[in-house]
Amino acid sequence: MNNQLLELNNISLKFEDNQILKNIAFNIHAKEIVTLIGPNGAGKTSLVKIILGLLSPTSGSLIPSRSLTIGYMPQKIQIDQTLPLNVKRFLRLAPGRKLTIQSVMALTGIERIANTPIQSISGGELQRVLLARAILRKPDLLVLDEPAQGVDISGQNELYNLIRDIREQFGCAIFMVSHDLHLVMAATDKVICLNQHICCSGHPEQVSNDPAYLDLFGPATAPGFAVYHHHHDHEHNVHGDVVPGTHAHACEDPHAHTHCKP
Ligand SMILES: Nc1ncnc2c1ncn2[C@@H]1O[C@H](COP(=O)(O)OP(=O)(O)OP(=O)(O)O)[C@@H](O)[C@H]1O
């Protein structure tokens, strides 16, 4: 496809003898929203760091399109409590700005807190500020690591709607890490389930009613929220390795870029 932004070819990562990622292969295309799910320790943040160029894979390659600009919203940030820094000044510190501070503040609904010290805003407001900072460079690809962390349920819903609006407005692709897909499903084109390797991936509407997802992530928490199910075709031991003999069938999702594999 000629609208490909990023190609991951058999990325593997080891820390000393610990295998963190194994043969990760998928592509991200322009305007696509890709959600990465997986249990704690699955390697999600490590994979994000590789995509951002902060970590080098032990093997495999990452091929970005020419002049790819990435905007990144981290899981959390550390800010010195004593630093005199309001939201507007915090945004001014972002390098490579292509959009105005005013326009991103309006888009993310944070104008009201422009002059508030960043240390005293709420968790939900901080997520919006971090999102605003990530889009200031008008990225082709927006990478969001657990964007709704620390945000209550109704705030999460609004945040995911905002993320969808940003994609519409700027035409950027989004690669998003999430622990829980109940809220993000409506805004996701492709789901990648990671547990060291890619357990399964595909279009969310193509996969349904698989008890394996409920085993991993639990039932929907509120009516009206889409529930994601995927065909997890094998079991893992406590180390995340595939248990031999439990790999029953190939992934049935015809839209999957990467099929179920051990
Ligand atoms: N610098 C490091 N050195 C050694 N091991 C590391 C390092 N960074 C991460 N790991 C290990 O790699 C594994 C994957 O960690 P990672 O943070 O990528 O997982 P994750 O899926 O993002 O987890 P969580 O959902 O809990 O945030 C973990 O077992 C972690 O302890």
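Scroll up to find the structure.
Below is a summary of the structure that appears in this document. Just so it is clear, the model here is predicted, and its values are computed rather than measured.

Thresholds, definitions, all that
- Residues numbered from 1 in each chain as written.
- Predicted model: local features only at pLDDT ≥ 70, side-chain atom pairs only at ≥ 80, totals over all residues.
- Helix = DSSP H or I, 4+ residues; strand = E, 2+ residues; numbered from the N terminus.
- Buried ≥ 20, exposed ≤ 12 C-beta atoms within 10 Å, placed from the backbone.
- Contact = placed C-beta atoms within 7 Å.
- Near = placed C-beta within 6 Å.
- Axes fitted to C-alpha atoms, helices over the stretch in contact; angles between N-to-C directions.
- Parallel < 35°, antiparallel > 145°, perpendicular 65-115°, else oblique.
- Left-handed = near helix turned anticlockwise from the far one by under 90°.
- Nonpolar A, V, L, I, M, F, W, Y, C, P; charged D, E, K, R; others polar.
- Arc of directions from axis to C-beta.
- Expected span 1.5 Å × (residues − 1).
- Pairing = 2+ DSSP bridges.
- Core = buried A, V, L, I, M, F, W, Y, C linked by C-beta atoms within 7 Å.

As for the overall build of the chain
Within the chain, the regular secondary structure consists of six helices and nine strands. Put simply, the chain has 262 residues, and 39% of those count as buried. When contacts within the chain are restricted to residue pairs at least 6 apart in sequence, long-range pairs at least 24 apart make up 68% of them.

Considering the site of the ligand
Around the ligand, the neighbouring residues are Phe15, Ile20, Gly38, Asn40, Gly41, Ala42, Gly43, Lys44, Thr45 and Ser46. At three residues, helix 1 (residues 44-52) tops the list of elements feeding residues into the shell around the ligand.

Considerations on the packing of helix 3 (residues 101-108) against helix 4 (residues 123-135)
Look at helix 3 against helix 4: their axes get within 9 Å of each other, and the N-to-C directions meet at 135°. Here helix 3 lies oblique to helix 4, going by the angle between them. The crossing of helix 3 and helix 4 is right-handed. Two secondary-structure elements touch here, helix 3 through Val104, Met105 and Thr108 and helix 4 through Arg128, Leu131, Ala132 and Ile135. Considered class by class, the residues forming the contact of helix 3 with helix 4 number five nonpolar, one polar and one charged.

Examining helix 3
Residues separated by three or four positions in an α-helix point in the same direction, a consequence of the helix having 3.6 residues per turn. For helix 3, every residue scored as buried is listed here: Val104, Met105 and Thr108. Buried residues in helix 3, looked at end-on, bunch into an arc of 100°, giving them a common side. Opposite its buried face, helix 3 presents the exposed residues Gln102, Ser103 and Ala106, each directed more than 90 degrees away. Lining the buried residues of helix 3 we find helix 4 and helix 5 (153-170). Of the residues one or two after helix 3, Gly109 is the one with positive phi, at around 70°.

A short note on helix 4
Counted at 1.5 Å a residue, the expected span for helix 4 with its 13 residues is 18 Å, and the 19 Å between its end C-alpha atoms agrees. Counting buried positions along helix 4 yields 11 of 13 residues, so the element is predominantly enclosed. Those residues of helix 4 lying buried are Glu125, Leu126, Gln127, Arg128, Val129, Leu130, Leu131, Ala132, Arg133, Ala134 and Ile135. Buried positions along helix 4 lie against strand 5 (70-73), helix 2 (87-92), helix 3, strand 6 (141-145) and helix 5.

Considerations on the sheet that holds strand 2 (residues 18-29)
Two modes of strand pairing occur in sheets, parallel and antiparallel, and in both the strands are linked by backbone hydrogen bonds. Ordered by their spatial adjacency, three strands build an open sheet running 2-1-4, and the pairing between neighbours is antiparallel. Of all the strands in the sheet, just strand 2 and strand 4 (59-64) have a single pairing partner and so form its edges. The sheet shows a mean angle of 15° between the axes of neighbouring strands, taken without regard to direction. Across eight bridges, strand 1 (residues 4-15) lies against strand 2 in antiparallel orientation.

A short note on the nonpolar core
Counting 59 residues, the largest nonpolar core has Leu36, Ala132, Leu141, Leu142, Ile174 and Phe175 as the members making the most contacts within it. Counting residues per element, this core draws most heavily on helix 4, which supplies seven residues. In this view, Ile174 contacts Ile33, Leu142, Leu144, Ile163 and Arg167; residues no more than four positions away in its chain are not counted.

Side note on the pairing of strand 7 (residues 173-177)
With five of five residues buried, strand 7 is to be regarded as a mostly interior element. Burial of the side chains of strand 7 extends over both faces: Ala173, Phe175 and Val177 are buried on one face and Ile174 and Met176 on the other. Sheet topology places strand 6 next to strand 7; five bridges connect them, and they run parallel. If you follow Leu142 over to strand 7, its bridge partner there is Ile174.

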